[in-house]
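Letter by letter, the chains look like this.
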Amino acid sequence: MPAAVVADLAQNPGVLYGCDYNPEQWDRATWLEDMALMREAGIGLVAINIFGWSSINPAPGVWNFDDLDAMMDLLHENGIRVNLGTGTASPPPWLSTAYPEMLPMVEDGTRRYPGGRQAFCPSSPIYRAHAAAVVEAVAERYGSHPALALWHVSNEIGCHNALCHCDASVDAFRTWLEARYTTIDALNAAWGTSFWSQRYSAWDQILTPRAALSLRNPGQMLDFARFSSDAGLALYRAEAEIIRRHSDAPVTTNFMATAHIRTQDYWTWAGEMDVVANDHYIDRRLPDPTGEVAFAADLTRGLAGGDPWLLMETSTSAMNWQPYNIAMAPGELVRTISTHLARGADGICFFQWRASAQGAEKYHSALLPHAGTDSALWRQSVELGGLLERLAPVTGTRVSASTALLFSWESWWALEGEGRPSEAVQYLDQVHAAHRALDAAGVTVDVVRPGSDLSGYDLVIAPALHLVRDSEADDIAAAAERGASVLITFASGTVNENDRVGLGGYPAAFRDLLGLRVEEFAPLHPDTTVRLSDGTIGSIWSERIDVVDADVLSTFVDGPAQGSAAITRRAHGAGAAWYLATTPDDASYLTLIQRLVVEAGVPQLLPDHGRLDLIRRTGQGRSILFAINHTAEDATVTAHGHDLVHQESVTGRVVVPAGGVRIIEESA
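Predicted model, so just to flag it, every value in this text is computed and none were measured.

Participant: Would you take a moment to explain the overall build of the protein for this structure?
Facilitator: Regarding its fold elements, the protein presents 18 helices and 27 strands. In terms of overall size, the protein behaves like a compact globule, its C-alpha atoms giving a radius of gyration of 26 Å where 668 residues would be expected to give roughly 26 Å. Its C-alpha atoms put the protein at 75 × 75 × 40 Å along the principal axes. For the protein, the proportion of its 668 residues judged to be buried stands at 58%. Pairs at least 24 residues apart make up 71% of the contacts formed inside the protein by residues separated by at least 6 positions.

Participant: Sorry, what's going on with the packing of aromatic side chains here?
Facilitator: The geometry of two aromatic rings is summed up by the distance between their centres and the angle between their planes. Enumeration according to the criterion identifies 28 aromatic pairs in this entry. Pairing F173 with W176 gives two aromatic rings, centres 6.4 Å apart and planes at 25°, and the pair type is stacked. Residue F173 and its partner W176 are located together in helix α7 (residues 167-181), separated by three residues, close to a single helical turn. In this pair, the class of F173 matches that of W176, namely buried. When the centroid spacing of 5.2 Å and the interplanar angle of 10° are considered together, the rings of F490 and W541 count as stacked. Remark: W541 occurs in the loop between β17 (537-539) and β18 (543-547) and F490 occurs in the loop between β14 (485-489) and α17 (511-514); sequence separation between them is 51 residues. Here the two residues F490 and W541 agree in accessibility, since each one is buried. By the ring-pair criterion, three or more aromatic residues cluster together here, those being F255, Y266, W267, W269, F295, F407, W409, W412 and Y427. Across from the ring centre of W26, 5.3 Å away, lies the NZ or CZ of R354, which sits over that ring.

Participant: What is the right way to look at a nonpolar patch on the surface in this model?
Facilitator: A cluster of nonpolar residues, F195, W196 and L215, forms a patch on the protein surface that exposes about 360 Å² of accessible area. Among the secondary structure elements, W196 is positioned in the loop between α8 (184-191) and α9 (218-246).

Participant: Honestly, the environment of N496 in this entry has me stumped. Any pointers?
Facilitator: Examined against the element boundaries, N496 turns out to sit in the loop between β14 and α17. Taking relative accessible area as the criterion, N496 reaches 22% and is therefore assigned partly exposed. Separated by 412 residues in the primary sequence, N496 and L84 have C-alpha atoms spaced 42 Å apart. Non-local contacts of N496, meaning those with residues more than four positions away in its chain, are made with L467 and V468.

Participant: Can you walk me through the nonpolar core in this structure?
Facilitator: Side chains of nonpolar character tend, in soluble globular proteins, to be buried together. By size, the foremost hydrophobic cluster in this structure holds 170 residues, and its most contacted members are I48, W353, F407 and I593. The contacts of F407, once residues within four sequence positions are left out, are T258, W267, F295, L299, W412, Y427, L428, V431, V447, V448, R449 and P450. The next biggest cluster of nonpolar side chains, apart from the first, holds 14 residues, and it includes F173, A190, F224 and F227.

Participant: Can you help me understand the sheet that holds strand β19 (residues 551-555) in this one?
Facilitator: The strands that make up a sheet are held in pairs by hydrogen bonds between backbone atoms, and each pair lies either parallel or antiparallel. Pairing is mixed across the open sheet formed by seven strands, whose spatial order is β12-β11-β13-β14-β21-β20-β19. Whereas interior strands pair on both sides, the edge strands pair on one side only; in this sheet they are β12 (445-448) and β19. On average, adjacent strands in this sheet sit at an angle of 20° to one another, irrespective of strand direction. Sheet topology places strand β11 (residues 403-406) next to strand β13 (residues 459-462); three bridges connect them, and they run parallel. Directly across from T403, in β13, lies its bridge partner L459. Packed on one face of the sheet, helix α11 (residues 289-303) meets β11 and β12 and runs near 60° to β12. Against the sheet, helix α15 (residues 427-440) touches β11, β12 and β13, its axis set at about 170° to β11.

The rules behind the values
- Residues numbered from 1 in each chain as written.
- Predicted model: local features only at pLDDT ≥ 70, side-chain atom pairs only at ≥ 80, totals over all residues.
- Heavy atoms only, no water.
- Helix = DSSP H or I, 4+ residues; strand = E, 2+ residues; numbered from the N terminus.
- Rg over C-alpha atoms; globule rule 2.2 N^0.38 Å.
- Buried < 20%, exposed > 50% of the residue type's maximum accessible area, 1.4 Å probe, protein only.
- Contact = heavy atoms within 4.5 Å.
- Phe/Tyr/Trp six-rings, centres within 6.5 Å; stacked < 30°, edge-to-face > 60°.
- Lys NZ or Arg CZ within 6 Å of the ring centre and 35° of its normal.
- Patch = residues over 30% accessible without salt bridge, like charges linked within 9 Å, V, L, I, M, F, W, Y side chains within 5 Å.
- Areas by Shrake-Rupley, 256 points an atom, 1.4 Å probe, with all protein chains shown as cover.
- Salt bridge = Lys/Arg side-chain N within 4 Å of Asp/Glu carboxyl O.
- Core = buried A, V, L, I, M, F, W, Y, C linked by side-chain atoms within 4.5 Å.
- Pairing = 2+ DSSP bridges.
- Axes fitted to C-alpha atoms, helices over the stretch in contact; angles between N-to-C directions.

Structure representation (structure tokens):
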């Protein structure tokens, strides 16, 4: 799709401003009020019919499009374009009552029932047939409607029901496995079924990895994760195929990258989207929620192949689904939205327009809160619309980076499987730590898939890249050969695509590149740390390493790997390969990254004072500098141009207020 596809969705100047709307929850008098308020706020795109199945198809063979017709027309009359949902995200009660076998089954063999959402098995032929009928009806009716801007397939596919263990899923899993392996002998070899007498002699003996009395087969669990991701993607493909027979409008669905959902390998999904869209909410359960926002935005840009992307859902303040749903502090919304924009978003949409009065999400924040228009939240919504309109120069520009961070859903699945050396090793923690250090160093990062072209990168970081194919390891070695500096951290290159450990010492995939051999893992208790000879404090992990031909830069001073190498470097071709055998404290990680940055000649965007997030978007003859201050102290940055936030010219040392944002269209 063209780079301007997101900005074109609303056909309004500025960054796209949108929201979810659930008119079925409100009477028609409220609809009219909402149209006027949407115009006041500057809303250009509205998602409707996301959960509309029971409204448009209230009983078997009964269809009622009166309300949806009226809403489509009303939005068009008010100059607001539509992100039209297919309505299939949650089937109506009549369907699961008639066909209880379509309900999802969890790993202990028990069903999950209606009353929430996504009460269906993704592989159920019954669900798929009825969903296809709904999509056919909606696409045929609205495929050429003048309000239509975008198709929204289902909603957060796999959010709750990705891992189903019912008989339909078992049948589909067997079919998927047979297509993958062709013969039962090949499957037995891939899964290592000689262990614990698990060898299969026929396809119909294989089940999904349901709950067992002991540890389960890791190869089976890894393939079930792959299958489940593919099953969700199959739902998207089936609906998109129907839509494209009736409409030329772009088609997408909303990803969930990345804090709390790991069931979809979005690298395999992204190429199917006409525009990449992501749902993201600040996760207060994490130790560094704002850092995770930055990582998720970089990851989404990676999924989009560097093209501008759409933030399909976020919140204006508190959510309703975390243990403690903390309201946003003053200025936090603008900082959060600016983070997404700085890292490639060209559109910002919110769940939802009007806060619900009933239902499971009635305490979720909205553009129009329960308090109504006489509220700070509403005034914030209107002010945000004005800001997004002023940010028109941002749209269509891109982020460029000379540093790549490798990210893999398959490594996530394999590393956090059962029977691992330490449950304290969490994949996202390792990825976030590396990204946080790069961000603190003022380094712009592309998050890329293993196997991607690395030729344009001077620095390549592979944190806990546990599962690695030979070709992917070769790509990383080739990057160093060409002159890149490569950092590989512990737990990387340990197993191949079948979750088979490479023999001869860890990390098998990178031993020659790194010039070392890990003889034994020495994980740490979560409450303990180790000291390194360079002053680093390490946690989570240590290793007993036999150095072959690498330079030892730091050793473990104490702990179970006392005296062993902890940080090494080996020249390789025109570049170098570094290895990190523990999780450093943040300050030490930053110091290590800064050494790599200097060696690799990577450009840094550094503030004159204080800690700022600095990102630059360029293209179409424009350069936009984002300076986001997450601290409680003023900071400064050197810049020349026009500040789109404060609507003023700036030159030289520019103050970025505590908790504030500057978005500067830079002078030539």
